[in-house]
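So you can see what is in the structure, the chains are spelled out below.
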Amino acid sequence: MAKQPSFQQLEASLLYCPHCRQAMPVRKQLLLILPEGNKFEYLCTACSSTCGDKIEPDDPKPRILM
């Protein structure tokens, strides 16, 4: 019996900001649309510097059987 994961993806709420020099709340912003998925960057809410990035893979295309 296969065990199902308890979550699909994680979302960052706090990340270390190199400019503020502490963990700060971040907001997620779409940066690029790539063939393998969408690339997002996490921006500090205080100074708007980039604190990290993430590629979310696209959902698999649905298969249509005839």
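Above: the structure in question.
Look at any regular strand and the pattern is simple: side chains alternate between the two faces of the sheet. Alignment of strand β1 (residues 14-17) against strand β2 (residues 22-34), held across four bridges, turns out to be antiparallel. Pairing of Leu 15 across the sheet is with Met 24, part of β2. Taking the residues between adjacent antiparallel strands as the criterion, β1 and β2 are bridged by four residues, where Arg 21 takes a positive phi near 60°. Bridging between β2 and strand β3 (residues 37-44) involves eight bridges; their strand directions are antiparallel. Paired with Gln 29 across the two strands is Glu 41, which belongs to β3. The hairpin turn running from β2 into β3, its antiparallel successor, is two residues long.

Rules and cut-offs
- Counting of residues starts from 1 at the beginning of each chain's written sequence and follows it residue by residue.
- Given that this is a predicted model, residues contribute local features only at a pLDDT of at least 70 and side-chain atom pairs are listed and counted only at 80 or more, while totals for whole chains, interfaces and linings are drawn from all residues.
- Think of the side-chain values as coming from all heavy atoms in the structure, minus any hydrogens and water.
- A pair of strands is considered paired only if DSSP assigns at least 2 bridges between the two.
- Helix numbers and strand numbers start at the N terminus; a helix is a DSSP run of H or I with at least 4 residues, a strand a run of E with at least 2.

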